[in-house]
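Structural features, examined
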Amino acid sequence: MKDKHRPAWILKAVTLIDLTTLAGDDSLSNVSRLCLKAARPIAKDVLEELGFDYEDNSPIHTAAVCVYPNRVQEAVDVLKKIKMLGKINVASVATGFPAGQTPLNARLAEIRYAVENGATEIDIVINRPLALAGKWKALYDEIGTMKEACGTAHLKTILATGELDTLQNVYNASMVAMMAGADFIKTSTGKESVNATIPVGIVMARAIKDYQHKTGYKVGLKPAGGVRTASDAIQWLILVKDLLGHHWLNPALFRFGASGLLGDMETQLYQYVTGRTPSGYEFTMG
Ligand SMILES: O=C[C@H](O)COP(=O)(O)O
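Note that the structure is a prediction, hence the values are computed from the model and not measured.

What follows is about the site of the ligand. The ligand sits among 13 residues. The nearest are G190, A224, G257, A258 and S259. Within the shell around the ligand, the residues separate by chemical class into five nonpolar, eight polar and no charged.

And the structure:
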């Protein structure tokens, strides 16, 4: 890619991020910072130098923030306060994230709790033992009940591909999730030892394309876990553009799940604009 196009690709990628915090010590304070960062992800001078408005109507904000169910209400409140709720969605992981090893009733209750608190996107994890045992109908039924529990909230289905053993299982699980009503299929929780990889992305994009051919429905793709650099992000954008088409590169059909991707994007954009490396004092949260 020509260097002059790089900032545009990076800015595009910024708008496709589900800015995530999924840590045991998450609190009102870091969730607030996350929301402020989601609303103003790139420093004012850098953004203006690239020709974008920094003010309220700036199109450069992340697609969503992604938090644990217990933190949904706080994220909703902060985004409402800064008038960004709706422009930035609140996504919640649920269903015993990341392992999914809790009874189905508890997993469903967690979805309902997150939705009642204002989450409009729910990231569930699939039951890996069902997939590994080839019990696809049982997996379909579980995801179907989770879709129902979501109500009007969008369902993102995390396959945890690093634990599915084979690419055939990844393809089958993708198909089952889509047939059960997933709005997005997502690679990983970020907590497996292997997370979003390009080979898995190719298989999932292929499944999405096959599903579209069979049904006419477009399902989104969300690589998540270990996407850390602007170059990683651009690789994913190129993969999606090549396999699914340019129109898939919008927040309704593509997201990055990432906690640590913005830092490198900011650095890269700063370097592009100023020709120098940031000192470390250049960027502050919020
Ligand atoms: O869904 C999002 C992932 O948990 C984020 O993973 P990450 O912390 O490796 O970026």
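To continue, consider the UniProt feature "active site" (unreviewed entry) in the chain. Per the UniProt record, "active site" (unreviewed entry) is annotated on K186 and K222. The largest pairwise C-alpha distance within this set of annotated residues, which runs over 37 residues, is 4.4 Å, so the set is compact in three dimensions. Structurally, K186 is set in strand β6 (residues 184–186). You can see K222 is positioned in strand β7 (residues 220–222). Excluding residues within four positions of it along the chain, K222 makes contact with K156, F184, K186, R255 and G257.

Scored by pLDDT, the chain comes out at a mean of 95, with 97% of its residues at no less than 70. Across the assembled chains, the prediction reports ipTM 0.97 with pTM 0.95.

Let us now look at the sheet that holds β7. With parallel pairing, eight strands are arranged side by side in an open sheet as β7-β6-β5-β4-β3-β2-β1-β8. The open sheet is flanked by β7 and β8 (256–258), the only strands paired with a single partner. Averaged over all adjacent pairs, the angle separating strand axes in this sheet is 25°, with direction ignored. Note that strand β5 (residues 154–158) and β6 share three bridges and pair parallel. Note that in β6 the partner of K156 across the bridge is F184.

Bringing the pairing of strand β2 (residues 64–67) into the picture now. Side-chain alternation along β2 places A64 and C66 on one buried face and V65 and V67 on a second face that is also buried. The pairing of strand β1 (residues 17–20) with β2 spans three bridges and is parallel. Looking at the pairing, T20 lines up with C66 of β2. Summarising the sheet, β2 and strand β3 (residues 89–94) pair through four bridges and their orientation is parallel. Bridge pairing links C66 to A91 in β3.

In this section: the pairing of β5. Of all five residues that make up β5, four are buried, and the element is covered over most of its length. In this sheet, β5 lies alongside strand β4 (residues 121–125) in parallel orientation, the contact comprising five bridges. Residue E121 lies in a different strand from β5, and its bridge partner there is H154. Each parallel crossover has a hand, and for β5 linked through helix α8 (residues 167–179) to β6 it is right-handed.

Leaving glycine out, the prevailing phi sign among residues is negative, and the prevailing peptide bond configuration is trans. Put simply, F97 and P98 share a cis peptide bond, and its omega is 0°. The backbone phi angle of D165 is positive, close to 70°, even though this residue is not glycine. Here D165 lies in the loop between β5 and α8.

As a further point, take the packing of helix α9 (residues 198–215) against helix α10 (residues 230–244). Contact geometry of α9 with α10 gives a least axis separation of 10 Å together with a crossing angle of 30°. Taken together, the axes of α9 and α10 are roughly parallel relative to one another. Between α9 and α10 lies a crossing whose hand is right-handed. The residues of α10 that touch α9, namely those facing I198, G201, I202, A205, R206, I208 and K209, are Q235, W236, L239, V240, L243 and L244.

What follows deals with the environment of F52. Among the secondary structure elements, F52 is positioned in the loop between α3 (44–49) and β2. Residues F52 and G100, 48 residues apart in the sequence, show an inter-C-alpha distance of 42 Å. Here F52 is in contact with L47, S58 and I60, once residues within four sequence places are set aside.

Here we come to the nonpolar core. Ranked by size, the top nonpolar core spans 88 residues in total, and within it V65, I122, I126, A177 and F256 carry the most contacts. Ranked by residue count, the leading element in this core is α9, at seven residues. Among all residues touching I122, those that are not within four sequence positions of it are S92, A94, I111, A114, V115, C150, A153, L155 and K156.

Criteria and thresholds
Position numbers for residues start from 1 in each chain and track the written sequence from start to end. Totals for whole chains, interfaces and linings use every residue, but because this is a predicted model, local features are given only for residues with pLDDT of at least 70 and side-chain atom pairs only at 80 or more, for both listing and counting. In this text, near has one meaning. A residue is near a molecule or strand if its C-beta atom, placed using the backbone, is within 6 Å of it. Any residue that is not Ala, Val, Leu, Ile, Met, Phe, Trp, Tyr, Cys, Pro, Asp, Glu, Lys or Arg is counted as polar, Gly included; the first ten are nonpolar and the last four charged. UniProt positions are given in the numbering used here, feature names are shortened, and annotations may be inferred rather than shown by experiment. Strands here mean DSSP runs of E at least two residues long; helices mean DSSP runs of H or I at least four residues long; both are numbered from the N terminus. By the convention adopted here, residues are in contact when the distance between their C-beta atoms, placed from the backbone, does not exceed 7 Å. Think of pLDDT as the predictor's per-residue confidence, scored from 0 to 100. Pairing between two strands is assigned when DSSP locates at least 2 bridges connecting them. Axis angles are defined between N-to-C directions and span 0 to 180 degrees, where every axis is a line fitted to C-alpha atoms and, for a helix, only to the segment in contact. As a rule, residues whose C-beta atom has 12 or fewer other C-beta atoms within 10 Å are exposed, those with 20 or more are buried, and those in between are partly exposed; C-beta atoms are placed from the backbone. Here a crossover is taken to be right-handed if, once the strands point away from the viewer, the path from the first strand over the helix to the second is traced clockwise. Small angles under 35 degrees read as roughly parallel and large ones over 145 as roughly antiparallel, with 65 to 115 read as roughly perpendicular and the rest as oblique. Two helices cross in a left-handed way if the nearer one is turned anticlockwise from the farther one by less than a right angle. They cross in a right-handed way if the turn is clockwise. Only buried residues count toward a nonpolar core: Ala, Val, Leu, Ile, Met, Phe, Trp, Tyr and Cys, linked into one set through C-beta atoms within 7 Å.

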